[in-house]
Amino acid sequence: MVQSNPKLRLPTSDELPDSDETPVDNENQNFLPNFLLFLLELIWGNRQDWFFGVDLGIYHNTGENPRIPAVPDGFLSLGVERRKGGGSRKSYVVWEENEIVPILALEVVSWTYGNEYEAKMQIYAQLGVLYYIIYNPDFWKRDKHQPLEVYRLVDGVYRRRVGEPLWMPEVGLGIGRCELLVGGISREVLCWYDEQGNRYLTAEERALEAEERALEAEEKASEAEEKASEAEEKANRVQQELDRERQRYQELIELLRSRGIDPEPPIDKN
């Protein structure tokens with residue numbers, strides 16, 4: 001947790017711009033953080049103690065100037081209001097969030113290299129962000145790194161963690177890459193995972209899964225109804241055969257009696 005200098009007059013969120021106003025030059029920089037946010041809305045829909053920011057300024061006083069924000073493509077904070085004061089944040093101002101810094105920051109490397117592996121890493125380490133994630137699907141060979149790298153802060157220095165999906169116990173989530181059909185297009189995205197390595201489904205997948213379960217239940221109900229109908233038909237056939245046998249037996253009894261033969265002689269009780 002970052003401690004503010006009580007002698008320093010820090011600006012309020014109303015006095016600060018929401019970001020550095022630098023435009024993205026890569027679709028993934030906007031799409032992927034929002035994709036992770038929408039997934040979190042499903043996973044943690046009932047929780048109110050988290051906030052995920054997309055292209056939003058993080059104002060802090062661990063750098064040279066508290067008016068200069070760090071602006072990751074996405075970041076996650078825990079233990080804060082999901083909607084501050086019931087409304088939307090213009091930016092994330094650490095000294096207005098009980099000095100709670102984000103627990104996770106995400107950078108998506110673009111065509112224009114943004115020092116994700118050097119300067120930004122140092123900024124997030126100084127700020128105290130526990131997990132720093134760099135996603136570099138298109139330019140990892142250029143930058144001599146892996147497509148997805150996850151770092152954890154240890155004694156003020158980021159150490160790379162190995163494994164995918166990678167479980168982050170302090171966050172309560174794992175993260176990794178997966179290939180999904182999004183908007184009718186197959187593409188690689190980042191996804192959240194549980195501790196067992198199971199990927200959390202998207203809203204579309206959940207809807208499809210629910211539809212499949214409904215169809216399966218309908219098929220089972222139809223099969224049960226069909227079996228019940230077949231059993232009823234079989235029972236009717238058995239009953240009809242039994243009725244015919246009784247009718248033939250009765251006709252035989254009447255024939256024998258008409259010839260003076262008692263088919264049912266009295267029982268000798270001696």
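Residues numbered from 1 in each chain as written. Predicted model: local features only at pLDDT ≥ 70, side-chain atom pairs only at ≥ 80, totals over all residues. Heavy atoms only, no water.

Draft legend 1. Just the pairing of strand β1 (residues 50–54), in detail. For β1, a buried count of five out of five residues is recorded, marking the element as mostly surrounded by other parts of the structure. Side chains Trp50, Phe52 and Val54 project from β1 onto one buried face, and the interleaved Phe51 and Gly53 project onto a second face that is buried too. In the sheet, β1 pairs with strand β3 (residues 74–78) via five bridges, with the strands oriented antiparallel. Directly across from Trp50, in β3, lies its bridge partner Leu78. (Buried < 20%, exposed > 50% of the residue type's maximum accessible area, 1.4 Å probe, protein only. Helix = DSSP H or I, 4+ residues; strand = E, 2+ residues; numbered from the N terminus. Pairing = 2+ DSSP bridges.)

Draft legend 2. Broad picture of the sheet that holds strand β10 (residues 173–182). A sheet is described by the order of its strands in space; here three strands give the open sequence β9-β10-β11, paired in antiparallel fashion. Looking at which strands have only one partner, the edges of the open sheet turn out to be β9 (166–168) and β11 (185–193). Sheet twist, expressed as the mean angle between neighbouring strand axes with direction ignored, is 35°. In terms of strand pairing, β10 meets β11 through nine bridges, oriented antiparallel. Bridge pairing in β11 links Val182 to Ile185. With respect to the sheet, helix α1 (residues 27–43) is in contact with β10 and β11, its orientation differing from that of β11 by roughly 50°. (Axes fitted to C-alpha atoms, helices over the stretch in contact; angles between N-to-C directions. Contact = heavy atoms within 4.5 Å.)

Draft legend 3. Here's a closer look at the nonpolar core. Core analysis: the biggest nonpolar cluster contains 60 residues, and Phe52, Leu76, Tyr158 and Trp192 have the highest contact counts within it. Discounting chain neighbours no more than four positions away, the residues touching Tyr158 are Met121, Tyr124, Ala125, Val129, Leu130, Tyr132, Tyr151, Arg152 and Leu153. (Core = buried A, V, L, I, M, F, W, Y, C linked by side-chain atoms within 4.5 Å.)

Draft legend 4. Expanded view of the sheet that holds strand β8 (residues 157–161). Spatially, six strands are ordered β1-β3-β5-β6-β7-β8 in an open sheet, and the strand pairing comes out mixed. On the outer flanks of this sheet lie β1 and β8, each paired with one strand and no other. Looking at each pair of strands side by side, their axes are set apart by 20° on average, direction ignored. In terms of strand pairing, strand β7 (residues 148–154) meets β8 through five bridges, oriented antiparallel. Looking at the pairing, Tyr151 lines up with Arg160 of β8. Packed onto the sheet, α1 meets β1, β3, β5 (104–108) and β6 (131–135) and runs at close to 160° relative to β1. Against the sheet, helix α2 (residues 119–127) makes contact with β5, β6, β7 and β8, and its axis sits at roughly 160° relative to β6, the strand it touches most.

Draft legend 5. Quick peek at α1. Look at α1: 24 Å from first C-alpha to last across 17 residues, which is about the 24 Å you get at 1.5 Å a residue. Looking only at α1, the buried set comprises Asn28, Gln29, Leu32, Pro33, Asn34, Phe35, Leu36, Leu37, Leu39, Leu40 and Ile43. (Expected span 1.5 Å × (residues − 1).)

Draft legend 6. Local environment of the side chain of Glu107. By the element assignment, Glu107 lies in strand β5. The class for Glu107 is buried, based on a relative accessible area of 1%. Ignoring sequence-local partners within four residues, the contact set of Glu107 consists of Val71, Pro72, Asp73, Glu116, Lys120, Tyr124, Tyr132, Ile133, Ile134 and Tyr135.

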